[in-house]
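Coordinate analysis (summary)
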Amino acid sequence: MSKMLAFALSVCAITTTAAFADGHCAAGKTLTDGKLTIATGNPAYFPWVLDDAPEAGKGFEAAVAFAVAAEMGFAAEDVVWVRSSFDEAIQPGAKNFDLNIQQYSITAERDQVVDFSEPYYTAPMAVLVGANAADTPATLEALRALKWGAVGTTTAVPKLANVIAPQSDPLLYGDNADVNAAITANQIDAALFDLPTALFLSAVMIEGSKVIGQFAPDQSDNPDQFGMLMEEGSPLKPCVDDALAALKASGALAGIEAEWLQDTTGVPLIE
Amino acid sequence: MFRPSATGLTRRERYEAQQRRRALIVASASTAGVVAALVVLVPLAPGWDKVRNSFFNAEVFAKSFPKLLEAFWVNVMIFAWCAPAIAVLGLLIALARDVKSPALFPLRIFGAAFTDIFRGVPVILTVYLIGFGIPGLGLPRPWNSPYIWGSLALILTYSAYVAEIFRAGIDSVHHSQRAAALSLGLSERQVMRDVVLPQAVRNVVPSQMNMLIALQKDVSLLSFIGPVEIFRQAGVFKSLLANFTPYVGAALIFLVVTIPATRYADHLMARQMRDRR
Amino acid sequence: MEKLVLEGVVKRFGNKAVCDGIDLVVKAGQMVCLIGASGAGKSTLLRCVNLLEPIEDGAIYLDGEDISVPGLNPQNVRARIGMVFQSYNLFPHMTALDNAMLAPRRVHGRTRGELVPEVSELFERFGLSEHMAQYPDQLSGGQQQRVAIVRALAMRPEVMLFDEITSALDPQLVGEVLDVLVTLKHQGMTMVLATHEMGFAAEAADKVCFLHNGRVLEEGTPQDMFGAPKKPETRAFLARALK
């Protein structure tokens, strides 16, 4: 009896694995067979990942990751989360993840070293000002006079230099928390973030701060499109792109965006 | 039989000259061998192309180097105003720890606590705490500048180390020097100022040179609170270009400054050892 | 006239009494030599007189004034009593001239300008003119010790204390330093020497004191002390020292 059961189970196991291999483009292309290893930041910030717990699938990027994984044929329990810094993601050599999702803007330079999926989100840059500069008008001229800050590893830096060109040199920081501290200490008036992050910081983190404007996505020389990062030449790329295309076509991606990202339409455009 | 040579060298001198030539040839050959092995073997490694492209990319280097050099100027300026302040504060702290008057006992406690705390706390924490904390109390601009408070964090931390070195220097002056000076009728203060300190300071110059070199590198910690010095500038390039070559460029700039300084400190140290013998 | 008087001076280091009730009288212009084995208390006694060591008991009088009162500022006393050490102790970061001028400048508040002629004259008197601008490490041991004497003299002291000032010198350099002492004696300086140079003590001293275990065991003229010592300890010491 027990022998029969064991046989039945093993047949079952073989057939499911076989079905997976036949039906899905990712088979045999991931770090661990049958698992999809996804990296995010350490810590991962709201609203991209809630409570720094991507496993829960809450937050925009966590939800997108699980949706893409499902499209690629991975059950939720087959998704393995790891953490990585920006440096780890771009260093040469083998990666410890299949996909890395932490608001990576797609740029031509980065694309030479790593592979990006098709964009899963287009994030306009937005201006967050501290309490002391809350009534600054949303014009480039007024913005130029402010004391600026940004996270040094982001595409906000070239955007700041090229589009706003502030009168005094901007101060640059290691992560969102440090920019937050600098605004609170009134060392900078304003900082440039992607819109969802700016809205979150203003609403929850920095008392008296305000998002006074956003740049139209097409205005910048780096369209701020977020892509999933993969090792250069990753065989998974077509598979991921197909999954994203399917999510876009079905409206599922828009649904996730509506669920997790605040409505951004109320923020005026900076001309 | 002993024959004086035509060159006027003694037998011993000729022998030593020959030994020197041999040593030079052997040293050159072995160095050339090691360098050749590195140049030939490293590129044979399977990942070399990727590593070279990520760390030693000529195009990225050329693109980033001028701005790195510009950013290094920020380091130089921060260093230039921190170093004298550290020397003065370090010396004062060292002296505070040696005061004997009971009225100044609080000063002594303060000196001891100061060195214990600032040597015990990681520099980066001090930089954050003072760089963001004090301006956060509500100072108006420009007095809340991260340049001011970040520099203060470096000054406090390094003064604690420098004070300990000065103290060791003061202890290294032989007590008979104090006795001789006191016997002439000088006061304790005069003995310290005219006799002990000049010798103490001279004794610790090489150690303090090493502190200067360390400071030059730690100036980069200010990048955490905003100033775009060379390390941050390299980080910006790294992120934009997805390439580590800017860090290599920054390291080269640092080395151009620190290697001569290190050699000079070693030279001073060696000379001091010779003098002591 | 009694220049310097010690009464029952006691100095202990821990439980050990290095000076165990020393009485001594030095008259103005006298040269007094302290002799005795190492550890007999000679050096400690001199350091006590110069107030470099506080004394536990007894008293020290300079011109009849008690200078050993606890709490007295020692600077004024030290300015009046010069001291020269076995190991010269010149300040290595100053020239010989600056070594000699430091204390008059700081303690008496005098200027370099007024001191240079005066101190140069001292250097000249002891044959050191050509070494004034040199640093201590450029001088021989004998020269350094003579500069140290000049440095003490530049304060115009009333009494000079010499703590085995020839012990660290090569034998051929001892003479030049002892010659300085003879010159000083002729000029009427009051001097107390701790010394191992028995020949010099016999020849130049006005009074010789034998210290033994922290006490003055026997004292007298050089003739008495070297010719007919009374105590067996003195005889034993001299027998060893003069061998």
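Please read all numbers here as calculations on a predicted model, not as lab measurements. (Residues numbered from 1 in each chain as written. Chains lettered and ligands numbered in written order. Predicted model: local features only at pLDDT ≥ 70, side-chain atom pairs only at ≥ 80, totals over all residues.)

**Things to note about the overall build of chain B**
Assigned secondary structure in chain B consists of 10 helices and zero strands. Counting from the amino terminus, helix and strand elements in chain B follow one another as α-α-α-α-α-α-α-α-α-α. On C-alpha atoms alone, chain B measures out to a radius of gyration of 26 Å, which is more than a quarter above the 19 Å that the 2.2 N^0.38 rule sets for 277 residues. In terms of overall dimensions, chain B has a C-alpha envelope of 75 × 70 × 25 Å along the principal axes. Expressed as a percentage of its 277 residues, the buried residues of chain B come to 34%. (Helix = DSSP H or I, 4+ residues; strand = E, 2+ residues; numbered from the N terminus. Rg over C-alpha atoms; globule rule 2.2 N^0.38 Å. Buried ≥ 20, exposed ≤ 12 C-beta atoms within 10 Å, placed from the backbone.)

**Describing the interface of chain B and chain C**
Contacts between the two partners involve 16 residues from chain B and, on the opposite side, 18 residues from chain C. Elements supplying a minimum of two residues to the side of chain B that touches chain C: helix H7 (175–183) and helix H8 (188–218) of chain B. (Contact = placed C-beta atoms within 7 Å.)

**Focus on the domain arrangement of chain B**
Along its sequence, chain B is carved into domain 1 (11–44) and domain 2 (58–276). The C-alpha centroid of domain 2 of chain B is placed 40 Å from the C-alpha centroid of domain 1 of chain B. (Domains from an automatic or database assignment.)

**Considering the sheet that holds strand S4 (residues 57–62) of chain C**
All names here are of chain C. If you trace the four strands from one edge of the open sheet to the other, you get S2-S1-S4-S5, paired in antiparallel fashion. Unpaired on one side and paired on the other, strand S2 (16–27) and strand S5 (65–66) mark the two borders of the sheet. Relative to S4, strand S1 (residues 2–13) runs antiparallel, the two sharing five bridges. Within S4, the residue paired with Val10 across the bridge is Asp57. Strands S1, S2 and S4 of the sheet are contacted by helix H1 (residues 42–49), whose axis makes an angle of about 65° with S2. (Pairing = 2+ DSSP bridges. Axes fitted to C-alpha atoms, helices over the stretch in contact; angles between N-to-C directions.)

**Considering the arrangement of the chains**
For this structure, the chain pair with the highest number of contacts among two pairs of chains in contact is chains A and B. The two partners chain A and chain C share no contact, and the minimum distance between any of their C-alpha atoms is 48 Å.

**Let's talk about the nonpolar core**
Within the largest apolar cluster, 212 residues are counted, with the highest numbers of intra-cluster contacts made by A:Val68, A:Val127, A:Leu128, A:Ala190, A:Ala191 and C:Val150. Per element, the largest residue contribution to this core is 13 residues, and it comes from helix H6 (residues 146–172) of chain B. (Core = buried A, V, L, I, M, F, W, Y, C linked by C-beta atoms within 7 Å.)

**Things to note about the pairing of strand S6 (residues 125–129) of chain A**
Residues and elements named next belong to chain A. For S6, the tally of buried residues reaches five of five residues, placing the bulk of the element in the interior. Burial along S6 is two-sided: Met125, Val127 and Val129 and Ala126 and Leu128, pointing in opposite directions, are all buried. In this sheet, strand S9 (residues 190–194) lies alongside S6 in antiparallel orientation, the contact comprising five bridges. Residue pairing across strands places Met125 opposite Asp194, the latter belonging to S9.

**Some thoughts on helix H4 (residues 105–120) of chain B**
All names here are of chain B. For H4, with 16 residues, the first-to-last C-alpha span of 23 Å sits near the 22 Å given by 1.5 Å per residue. Of the positions making up H4, those classed as buried are Gly111, Thr115 and Phe118. Buried residues in H4, looked at end-on, bunch into an arc of 90°, giving them a common side. Along H4, the residues that are exposed and aim more than 90 degrees away from the buried face are Phe105, Pro106, Ile109, Ala113, Asp116 and Gly120. Those residues of H4 that are buried are in contact with helix H3 (58–96), helix H5 (123–136) and H6. (Expected span 1.5 Å × (residues − 1). Arc of directions from axis to C-beta.)

**Side note on the interface of chain A and chain B**
Of the residues lining the interface, 28 residues belong to chain A; the matching set on chain B comes to 22 residues. At the level of secondary structure, the elements contributing two or more residues to the side of chain A that touches chain B comprise helix H3 (86–90), helix H4 (108–113), helix H6 (156–164), strand S8 (171–173) and helix H7 (176–184) of chain A. Tallying contributions element by element places H7(A) first for the side of chain A that touches chain B, with four residues. Residues of the side of chain A that touches chain B, tallied by class, amount to 13 nonpolar, 11 polar and four charged. (Nonpolar A, V, L, I, M, F, W, Y, C, P; charged D, E, K, R; others polar.)

**Description of the sheet that holds strand S3 (residues 31–35) of chain C**
All names here are of chain C. Read across the open sheet, the six strands follow the order S6-S7-S8-S3-S9-S10; overall the sheet is mixed. If you trace the sheet from one side to the other, it starts and ends with strand S6 (81–84) and strand S10 (215–220), each paired once. For this sheet the average axis-to-axis angle between neighbouring strands, irrespective of direction, equals 20°.

**What about the environment of A:Glu61?**
Residues and elements named next belong to chain A. Along the chain, Glu61 falls in helix H2 (residues 60–71). For Glu61 and Val49, which are 12 residues apart along the polypeptide, the C-alpha to C-alpha distance reads 6.1 Å. Not counting residues up to four positions away in its chain, the partners in contact with Glu61 are Thr40, Trp48, Val49 and Ile101.

**Let's talk about unusual backbone geometry**
Residue and element names in this part refer to chain A. Cis geometry marks the peptide bond from Asn42 to Pro43; its omega dihedral reads -5°. For Pro43, the position within the fold is in the loop between strand S1 (36–40) and H2. For Asp52, which is not a glycine, the phi torsion comes out positive at approximately 55°. Counting through the fold element by element, Asp52 comes out in the loop between S1 and H2. Phi at Gln103 takes a positive value of approximately 55°, unusual for a residue other than glycine. Relative to the elements of secondary structure, Gln103 occurs in the loop between strand S3 (99–100) and H4.

**Concerning the packing of H6(B) against H8(B)**
All names here are of chain B. Direction vectors running N to C along H6 and H8 enclose 150°, while the axes themselves pass 8 Å from each other. Of the possible angle classes, the one that applies to H6 and H8 is roughly antiparallel. For the pair H6 and H8, the crossing hand works out as right-handed. Residues Leu154, Tyr158, Tyr161, Val162, Ile165, Phe166, Ala168, Gly169, Ile170 and Ser172 of H6 form the contact with H8, whose own contacting residues are Val196, Ala200, Val201, Asn203, Val204, Ser207, Gln208, Met211, Leu215 and Asp218. Across the contact of H6 with H8, the residue classes tally to 14 nonpolar, five polar and one charged. (Parallel < 35°, antiparallel > 145°, perpendicular 65-115°, else oblique. Left-handed = near helix turned anticlockwise from the far one by under 90°.)

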